[in-house]
Amino acid sequence: MKRIVQTALVVCISLLLLFTGAASAYENAGTNGGFTNGLTGWSEHTYAPNSDSNARILESQDVVELGVSVYNTYGTAEASISQSVDFAGVSSIQIDFAENAYYSHSNRGLFNVYIDNTVVASYTPSQCTAGIKTIDVSSYADTGVHVLKCEAEIQDKDGAAPARTLKVFLEGVYAYTLSPYTVTDISLTPAEPNVNTQA
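Residues numbered from 1 in each chain as written. Predicted model: local features only at pLDDT ≥ 70, side-chain atom pairs only at ≥ 80, totals over all residues. Heavy atoms only, no water.

**With respect to the sheet that holds strand S9 (residues 118-123)**
- Taken together, the five strands give an open sheet; going across it, the order is S2-S5-S11-S8-S9, and neighbouring strands pair in antiparallel fashion. Edge positions in the sheet fall to strand S2 (43-47) and S9, since each of these pairs with one other strand and no more. Geometrically, the sheet is characterised by an average inter-axis angle of 20 degrees between neighbouring strands, direction not taken into account.
- Direction of pairing for strand S5 (residues 75-86) relative to strand S11 (residues 145-156): antiparallel, over a ladder of twelve bridges. (Pairing = 2+ DSSP bridges. Helix = DSSP H or I, 4+ residues; strand = E, 2+ residues; numbered from the N terminus. Axes fitted to C-alpha atoms, helices over the stretch in contact; angles between N-to-C directions.)

This is how it looks when you write it as structure tokens:
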């Protein structure tokens, strides 16, 4: 009886894997998405419209800060990181905010996610809250190599005080592909039961 139960269990598991295809795993198509190697693999860009304004990129303990501020100018401050990614099979981008964004007088601040020169997602400072934002980019799947860019920007259209500031804290930026794999090393031979040969 024990042998029959073992055989039935193994067969059921095997059939389940066969008919459901395979398990699935998400893989990052980009480089160093969790910033475990600092900003290796990423290009940095900053721009401040005048000497009273500021744009900076800082990395510490696997968290990247994109910080921008403008003061006494009609202009936009920008801080961004970018890298080229092969979008073969890429279905989504995930932005992992380490903590809520810091902002002051920054109703004109934005955090934008670009593919090449197209904004695929845009968040106001109050929307940059701790946690993960998922962006559907399946329309770009299998379209070749594109530049993925994350940018914090802030504008000053008044040209006067107060200073406007935005700081966005990123813990990860991932371009995910759904990569299937199959478990094949399953034996259909049940264990032999113990047999008592004594009379």
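**Some words on the nonpolar core**
- Ranked by internal contacts, the top residues of the largest apolar core, which has 37 residues, are Leu66, Ile81, Ile95, Phe111 and Leu170.
- Where this core is concerned, the elements lending two or more residues are strand S3 (54-60), strand S4 (63-70), S5, strand S6 (90-97), strand S8 (110-115), S9, S11 and strand S12 (164-181).
- A total of five residues in this core trace back to one element, the largest contributor, which is S12.
- Setting aside chain neighbours within four positions, we find Leu170 in contact with Phe35, Asp62, Val63, Val64, Leu66, Ile81, Ile95, Asp96, Phe97, Ala98, Phe111 and Cys150. (Core = buried A, V, L, I, M, F, W, Y, C linked by side-chain atoms within 4.5 Å. Buried < 20%, exposed > 50% of the residue type's maximum accessible area, 1.4 Å probe, protein only. Contact = heavy atoms within 4.5 Å.)

**What about the pairing of S4?**
- Most of S4 is tucked away: seven of the eight residues are buried.
- When S3 meets S4, the two strands line up antiparallel, connected through seven bridges. Each residue of the ladder has a partner; that of Ile57, found in S4, is Leu66.
- Here S3 folds back onto S4 in antiparallel fashion, the turn holding two residues, of which Gln61 has a positive phi close to 50 degrees.

**Details of the packing of aromatic side chains**
- By the definition in use, this model includes six aromatic pairs.
- A ring pair is formed by Phe35 and Trp42, whose centres lie 5.8 Å apart and whose planes are at 45 degrees; its orientation type is tilted. Neither residue differs from the other here; Phe35 and Trp42 are each classed as buried.
- Ring centres 6.2 Å apart and planes at 85 degrees place the aromatic pair Phe97 and Tyr123 in the edge-to-face group. Taken as a pair, Phe97 in strand S6 and Tyr123 in strand S9 lie far apart in primary sequence, 26 residues in all.
- For Phe97, a relative accessible area of 1% puts it in the buried group.
- Taken together, Phe97, Phe111 and Tyr123 form an aromatic cluster joined through their ring pairs.
- Taking the ring centre of Tyr114 as reference, the NZ or CZ of Lys149 above it sits at 4.4 Å. (Phe/Tyr/Trp six-rings, centres within 6.5 Å; stacked < 30°, edge-to-face > 60°. Lys NZ or Arg CZ within 6 Å of the ring centre and 35° of its normal.)

**Re unusual backbone geometry**
- Positive phi, normally seen in glycine, also occurs at Gln61, with a value near 50 degrees.
- Structurally, Gln61 is set in the loop between S3 and S4.
- Residues other than glycine seldom take positive phi values, yet Asp62 does so here, at roughly 65 degrees.

**As for the side chain of Glu153**
- Along the chain, Glu153 turns up in strand S11.
- In contact with Glu153, other than residues within four places in its own chain, are Val68, Thr76, Ala77, Glu78, Arg108, Gly109, Leu110, Asn112 and Leu166.

**Let's talk about the environment of Glu27**
- Relative to the elements of secondary structure, Glu27 occurs in strand S1 (residues 23-28).
- Taking the relative accessible area as the measure of exposure, Glu27 reaches 43% and is therefore partly exposed.
- For the pair Glu27 and Tyr174, spaced 147 residues apart in sequence, the C-alpha to C-alpha distance is 8.7 Å.

**Brief notes about the environment of Asp136**
- Its location among the elements puts Asp136 in strand S10 (residues 131-136).
- Separated by 16 residues in the primary sequence, Asp136 and Val120 have C-alpha atoms spaced 8.6 Å apart.

**Comments concerning the environment of Thr40**
- Position of Thr40 relative to the elements: it lies in the loop between S1 and S2.
- Setting aside its immediate chain neighbours within four residues, Thr40 contacts Thr31 and Asn32.

**Comments concerning the pattern of salt bridges**
- Counted by the stated rule, this structure contains three salt bridges.
- Note that Arg56 is salt-bridged to Glu65, the shortest N-O span being 2.9 Å.
- Across the pair Asp156 and Arg164 runs a salt bridge whose closest N-O atoms are separated by 3.8 Å.
- In this structure Asp156 comes out as buried when scored by relative accessible area, which is 2%. (Salt bridge = Lys/Arg side-chain N within 4 Å of Asp/Glu carboxyl O.)

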